[in-house]
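# Coordinates in review
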Amino acid sequence: MKIIYFIIMKNQKKAFIFDLDGVVTDTAEYHFQAWKTIADELNVPFDRHKNEELKGVSREESFKRLLSGKVLPPDQFKSLMNKKNDLYRSFLKKLTRNDMLPGMREFLTQSRHDGFKTAIGSSSKNAAEIIERLEANDLFDSIVCGADVPNAKPAPDLFLLAANKLNVPPEQCVVFEDAYSGITAAHTAGMKAVGIGTKEALPEADLIYKNLNSVTPEQIVNLLV
Ligand code: BG6
Ligand code: MG
């Protein structure tokens, strides 16, 4: 009896860690549009299916994956990567507090009301600006982004640092992710992973939702026990 009690307590979920691009807001689409411009300029085939491989990983790794083995001189690689980021950042100017994905602000508000800690765990180095534009700073206890760790997803570093900042053990954290690499990162960190997207794109996710509209923190926790 004591052992069962110990296992339940150890697994009791206390924190939610959210990926940003494609989970909190639809900036994953902006990344796709910006990379598509670069791919077209280089005459490299690039579509939404290929784009799934770019989600979650760092900017540099995204570009390498887009190039699929094609090698560019270092100067050109760097200038096109900067061009992509400039274009992406020009899209970010459109973002307002109304651009959270359906149900997200309600889910975050309810989570905090129910006593869960909340954090962002994003590979992006543009995360702070996005959260600012969404007027979402008050909804998170901690924001961990690509500038804070040496290894982006699929490494577990971002999520482990977020758990550490929240002072919650990894097994009591649940990650929300739209990227295959992010689901891998969550599992490597010893956390459960809720996929936002489709079963086809995120076959390893512990639960799948199209978005968090009408989903409650309590439902998630009960389904993951
Ligand atoms: C992730 C995105 O959140 O951040 C990736 O899913 C992106 O597509 C990565 O490459 C890095 O983002 P940024 O904003 O630093 O270029
Ligand atoms: Mg994402």
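Residues take numbers from 1 onward in each chain, read along the sequence in its written order. Lettering for chains starts from A, numbering for ligands starts from 1, and both go in the order in which the items are written. In view of the model being predicted, local features appear only for residues whose pLDDT reaches at least 70, and side-chain atom pairs are presented and counted only at 80 or more, with totals across whole chains, interfaces and linings using the full set of residues. Working from all heavy atoms in the structure, the side-chain values ignore hydrogens and water.

This paragraph deals with the overall build of the chain. In DSSP terms, a helix is any run of H or I states spanning at least four residues, a strand is any run of E spanning at least two, and both are numbered starting from the N terminus. A count of helices and strands for the chain gives ten helices and six strands. What you see for the chain is a C-alpha radius of gyration of 18 Å, in line with the 17 Å of a compact globule of 225 residues. Principal-axis analysis of the C-alpha atoms places the extent of the chain at approximately 65 × 35 × 30 Å. Per-residue burial for the chain yields a buried fraction of 48% across its 225 residues. Only heavy atoms matter for contacts: two residues are in contact if any of them lie within 4.5 Å across the pair. Pairs at least 24 apart in sequence give 62% of the contacts found in the chain among residues at least 6 apart. We take the radius of gyration over the C-alpha atoms and set the globule estimate at 2.2 Å times the residue count to the 0.38 power. Burial classes follow relative accessibility: with a 1.4 Å probe on protein chains only, a residue under 20% of its type's maximum area counts as buried, one over 50% as exposed, and anything between as partly exposed.

Among the structural elements, A189 can be located in the loop between α9 (180–188) and β5 (192–196). We classify A189 as buried; its relative accessible area is 7%.

Summary of the distance rule: residues count as near a molecule or strand when at least one heavy atom falls within 4 Å of that molecule or strand. Close contacts around ligand 1 come from 15 residues, with D21, R59, S124, K125 and N126 the closest. Within the side chain of D21, an N or O atom sits 2.7 Å from an oxygen atom of ligand 1. Here a polar contact is taken to be a pair of N or O atoms separated by no more than 3.5 Å, where protein atoms must pair a possible hydrogen donor with a possible acceptor and residues adjacent in sequence count only if both atoms sit in side chains. Within the backbone of G56, one N or O atom sits 2.8 Å away from an oxygen atom of ligand 1. A pocket, in this scheme, is an open set of points on a 1 Å grid over the protein atoms alone with protein on both sides within 12 Å along at least 5 of 7 lines, while a cavity is a set where a 1.4 Å probe fits but cannot get out; residues line either one if an atom lies within 4 Å of a point. Pocket occupancy is defined atom-wise: a molecule lies in a cavity or pocket when more than half of its atoms are within 2 Å of its grid points. Cavity membership is defined here by more than half of the atoms lying within 2 Å of grid points; on that basis ligand 1 lies in the largest pocket. The domain boundaries here were taken from an automatic or database domain assignment. For the shell around ligand 1, the two domains that each supply at least three residues are domain 1 (2–26 + 100–224) and domain 2 (28–92).

A word on the state of the cysteines. Any two cysteine sulfur atoms lying within 2.5 Å of each other are counted as a disulfide. Following the criterion strictly, the structure yields zero disulfides and no others. Free of any disulfide, C145 has its nearest neighbouring cysteine sulfur in C173, separated by 18 Å.

A few words on the packing of aromatic side chains. Two rings from Phe, Tyr or Trp (for Trp, the six-membered ring) form a pair when their centres are within 6.5 Å of each other. A pair whose planes differ by under 30 degrees is stacked, one over 60 is edge-to-face, and the rest are tilted. For the structure on display, the rule yields twelve aromatic pairs. Taking 6.4 Å as the distance between ring centres and 75° as the angle between the ring planes, the aromatic pair formed by F16 and F18 counts as edge-to-face. Across the pair, exposure class does not vary: F16 and F18 are buried alike. Residue class for F16 comes out buried when judged on its relative accessible area of 0%. The rings of F16, F18, F107, F116, F140 and F176 are connected pair by pair, giving a single aromatic cluster. Directly above the ring of Y88 sits K84, whose terminal nitrogen or CZ lies 4.7 Å from the centroid. For a lysine, the NZ atom is tested; for an arginine, the CZ atom; a charge sits over a ring if that atom is within 6 Å of the ring centre and within 35 degrees of the ring normal.

The subject of this paragraph is the sheet that holds strand β4 (residues 173–177). A pair of strands is labelled paired if DSSP reports no fewer than 2 bridges between them. Taken together, the six strands give an open sheet; going across it, the order is β3-β2-β1-β4-β5-β6, and neighbouring strands pair in parallel fashion. Each edge of the open sheet is held by one strand with a lone partner, namely β3 (142–144) and β6 (207–209). Geometrically, the sheet is characterised by an average inter-axis angle of 20° between neighbouring strands, direction not taken into account. Only the stretch in contact is used when fitting a helix axis, every axis being a line fitted to C-alpha atoms; angles between N-to-C directions are given from 0 to 180 degrees. Relative to β5, α9 is tilted by about 165°, and along the sheet it contacts β4 and β5.

Any nitrogen, oxygen or sulfur atom within 2.8 Å of a metal ion counts as a donor, with the limit raised to 3.2 Å for Na, K and Ca, and since water is left out, coordination shells can look unfinished. Every protein donor of the magnesium ion (ligand 2) is listed here as D19 (OD), D21 (O) and D178 (OD), and their distances to the metal cover 2.0 to 2.1 Å. Here the donor residues of the magnesium ion (ligand 2) are spaced in sequence according to D-x1-D-x156-D. A residue pair is termed long-range when its members are at least 10 positions apart, and D19 in the loop between β1 (15–18) and α2 (27–42) and D178 in the loop between β4 and α9 qualify at 159 residues.

Now for the side chain of H31. Position of H31 relative to the elements: it lies in helix α2. Apart from the residues within four sequence positions on either side, H31 is in contact with D21, K84 and Y88.

We now examine the side chain of T27. As for its position among the elements, T27 is in helix α2. For T27, a relative accessible area of 0% translates into the label buried. There is a polar contact of 2.6 Å between the side chain of T27 and the side chain of D21.

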